[in-house]
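Next come the chains, spelled out residue by residue.
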There are 2 protein chains.
Amino acid sequence: MSTVSKAISLLELFSVDEPELGLTEIARRSGFDKATTRRLLVSLTQHGFVEQDSETRFYRLGAGLTRLARIREARFPLLQTALPFIRDLAATTAETVHLSEASNGFLLTVHVEHPARANRVNVNVGEYLPLHSTASGIAFLAHAREPVLETAMAEPLAPFTSRTVTDPADLASLIEATRKRGFSISDQGYEEGVISVGAAILGTDGYSIGTLAIAAPVVRTPKAAATERGKAVAAAAREISERLNGESFEALETRAIA
Amino acid sequence: MSTVSKAISLLELFSVDEPELGLTEIARRSGFDKATTRRLLVSLTQHGFVEQDSETRFYRLGAGLTRLARIREARFPLLQTALPFIRDLAATTAETVHLSEASNGFLLTVHVEHPARANRVNVNVGEYLPLHSTASGIAFLAHAREPVLETAMAEPLAPFTSRTVTDPADLASLIEATRKRGFSISDQGYEEGVISVGAAILGTDGYSIGTLAIAAPVVRTPKAAATERGKAVAAAAREISERLNGESFEALETRAIA
DNA sequence: AATAAGAGTTCAAATAATGAACCGATGAAA
DNA sequence: TTTCATCGGTTCATTATTTGAACTCTTATT
């Protein structure tokens, strides 16, 4: 494992639920020696990737990350562009809406809007999503590059619930249906009791750069509601794609095939 | 230089103006060997910190950064909280408004709102701001921890323009005035022809965690206008501090002294 | 006062990083 | 269409950085 990977893996230990950790704890979780861990943390601190609370001595993610993220966002304003749509969907559906971004073959949740009600689906910012078992993942695959798709299909399809689609052929037809329909549905494929709909956001080259999804408890989601939400995310994803690229969604879709 | 620092220094090469760079270019600018540079880039890519355009082969900052930045933001929602205020200030003043975040002794510009007019002050997201010669920096120092303040005063005060305050004693009185007034003024201290006003945003401990500032061309900024803008940023910074910490600004200020 | 637990440090040994020289592809110039 | 230049990417013996067991220091607990 490269030193750089080690350093970055330390950053990955932080999450929304555990945004601050002590040195020993970080060393324990990463499996690195305390001395090593500290040296890495010091390097990261020097560049503002990590901050240390001067009082508690705990470490947390630093502002340098915000800075770089903003530089990226200036080039690919996915979040900025999608935000109003996410808010709108969250308001009209009163369910959890989340935006994920593609990052070399993975999907990273980048923003989440939760409804103000007790029984809701909780999605954490910073979560990685499996591609074969979530609405986002399937929507992503429906517009992914051939090699990305192949890699995803070749992996063992982990069964997260009893309903997870684990047969590659079934997955292929799900993807095909998603492409036709314009949005994907995952009926408890990732988490028991949760139904999600998702749609891909396309980049200039016509391939997915991210996804938009709505997750809701099955108990209050009749089939018709799911379809309606699906149409809504698809419309939003389409609009976001067009704004980002300044081209019609159809033009983008065709580009990917050529 | 540690390997980690080398890797991160590659990330620092990207900016809003140059968001994409080729391998040779990155190697040239960083001063590392091409092989080394590539190895580092590959490591960074594996973690989503860097992406490579599959067509042009150029490298750019990756979505993994957005993800981590969002995790941080969940803990310190500075940007989220400040955004509406920034927009409001930008709308009412029709001048450049920018938010900076403290990151171990430095100030990083994290968001900028530019007015839609030709003659305006351009501030880039991702820029580091000197502490002694900008409105933001002085506002920051006015509420900084003692050691941070001392370090800043001890450094040689670089003269960016003929009007930059380079005498530590003068700087100290500027800081004192800022503390009393509630906002700082930098009259062409950093860039010729630019006048800025700034105010500190305080954290739970009462010390600055960031700054809010308005930058405008001197030619259209009479003294009265500057004072008015100063009061506006101060009010906004105060409100943001209160929202972030759920405490009155006075309570926060007193905490720092104790 | 004794004990424990965490943060941080040291230095010989182990391991990972380095870079000169290489290949192959692409594109511009002769 | 041949030549030259440039760029992305790779190899492997040499070299320099990273590693971790054992240490100290500080703080909180019994």
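Counting of residues starts from 1 at the beginning of each chain's written sequence and follows it residue by residue. Lettering of chains starts at A and numbering of ligands starts at 1, both following the order in which they are written. Reporting of local features is limited, given that this is a predicted model, to residues whose pLDDT is at least 70; pairs of side-chain atoms are given and counted only at 80 or more, and all residues count toward the totals for whole chains, interfaces and linings. Excluded from the side-chain calculations are hydrogens and water; all other atoms, namely the structure's heavy atoms, are used.

Enquirer: In this structure, what is going on with the protein's contact with DNA strand C? I would like to understand it.
Expert: If you check the shell around DNA strand C, you find 17 residues, and the closest are Thr24, Lys34 and Arg38 of chain A together with Lys6 and Arg39 of chain B. A distance of 2.3 Å separates a phosphate oxygen of DNA strand C from a polar side-chain atom of Arg38 of chain A. Whenever two N or O atoms come within 3.5 Å, that pair is a polar contact, provided that in protein one can donate a hydrogen and the other can accept it, and provided that, for residues adjacent in sequence, both atoms are side-chain atoms. With respect to DNA strand C, the side chain of Arg39 of chain B contributes an N or O atom lying 2.6 Å from a phosphate oxygen. Within the residue set of the surface near DNA strand C, elements represented by two or more residues are α2 (23–30) and α3 (34–46) of chain A together with α1 (3–11) and α3 (34–46) of chain B. Class assignment for the residues of the surface near DNA strand C results in four nonpolar, seven polar and six charged. We define proximity as follows: a residue is near a molecule or strand when any one of its heavy atoms falls within 4 Å of that partner. Segments assigned H or I by DSSP are reported as helices when at least four residues long, segments assigned E as strands when at least two residues long, and all are numbered from the N terminus. In this classification, Asp, Glu, Lys and Arg are treated as charged, Ala, Val, Leu, Ile, Met, Phe, Trp, Tyr, Cys and Pro as nonpolar, and every other residue, Gly included, as polar.

Enquirer: Is there a simple way to think about the protein's contact with DNA strand D in this case?
Expert: Taken together, 17 residues sit near DNA strand D, with Lys6 of chain A together with Thr24, Lys34, Arg38 and Tyr59 of chain B positioned nearest. Here the atoms of DNA strand D within 4 Å of the protein split so that 71% fall in sugar or phosphate, with bases taking the remainder. Separating a phosphate oxygen of DNA strand D from a side-chain N or O atom of Lys6 of chain A is a distance of 2.4 Å. At a separation of 2.9 Å, a phosphate oxygen of DNA strand D approaches a polar side-chain atom of Arg57 of chain B.

Enquirer: What should I look at first to understand the pairing of strand β4 (residues 96–103) of chain A in this one?
Expert: Each regular strand displays side chains that alternate between the two surfaces of the sheet. Residue and element names in this part refer to chain A. The buried fraction of β4 amounts to eight of the eight residues, a majority that puts the element mostly inside the structure. When a residue's accessible area, from a 1.4 Å probe over protein chains only, is under 20% of the maximum for its type it is buried; when over 50% it is exposed; and in between it is partly exposed. Side chains Thr96, His98, Ser100 and Ala102 of β4 all project onto a buried face; the interleaved residues Val97, Leu99, Glu101 and Ser103 project onto the opposite face, where all are buried too. Here, a strand pair is defined by DSSP locating no fewer than two bridges between the strands. Where β4 meets strand β9 (residues 208–217), six bridges bridge the pair, whose relative direction is antiparallel. Each residue of the ladder has a partner; that of Val97, found in β9, is Ile214. The sheet contact formed by β4 and strand β5 (residues 106–113) spans seven bridges and is antiparallel. Across the sheet, the residue bridging to Ser103 is Phe106, located in β5.

Enquirer: In this structure, what is going on with the side chain of Ser30 of chain B? I would like to understand it.
Expert: All names here are of chain B. By the element assignment, Ser30 lies in helix α2 (residues 23–30). A polar contact of 2.8 Å, which involves the side chain of Ser30, links it to the backbone oxygen of Ile26. From its side chain, Ser30 meets the backbone nitrogen of Phe32 in a polar contact 3.3 Å long. Any two residues whose heavy atoms approach within 4.5 Å are treated as being in contact. Setting aside residues no more than four positions away along its own chain, Ser30 makes contact with Leu10, Leu13 and Thr37.

Enquirer: Looking at this structure, how should I read the interface of chain A and chain B?
Expert: Interface size is commonly expressed as the accessible surface area that is lost when the partners come together. On the chain B side, the residues contacting the 55 residues of chain A number 55 residues. When chain A packs against chain B, close to 4700 Å² is buried across both sides, 63% of that on carbon and sulfur atoms. The partner of Glu20 of chain B in a salt bridge is Arg75 of chain A, with the nearest N and O atoms 3.1 Å apart. On inspection of chain A and its partner chain B, the count reaches 14 residue pairs in polar contact (both at pLDDT 80 or more). Of all elements in the fold, only α1 (3–11), α3, β2 (50–52), β3 (59–61), α4 (63–75), α5 (78–93), β4 and β5 of chain A reach the threshold of two or more residues within the side of chain A that touches chain B. When residues in the side of chain A that touches chain B are grouped by element, the largest group, 12 residues, is from α4 of chain A. In short, buried area is how much 1.4 Å probe accessible area vanishes from two parts on joining, totalled over both. Salt bridges are counted wherever a side-chain nitrogen of Lys or Arg sits within 4 Å of a carboxyl oxygen of Asp or Glu.

By themselves, these observations are geometric and do not establish any function.
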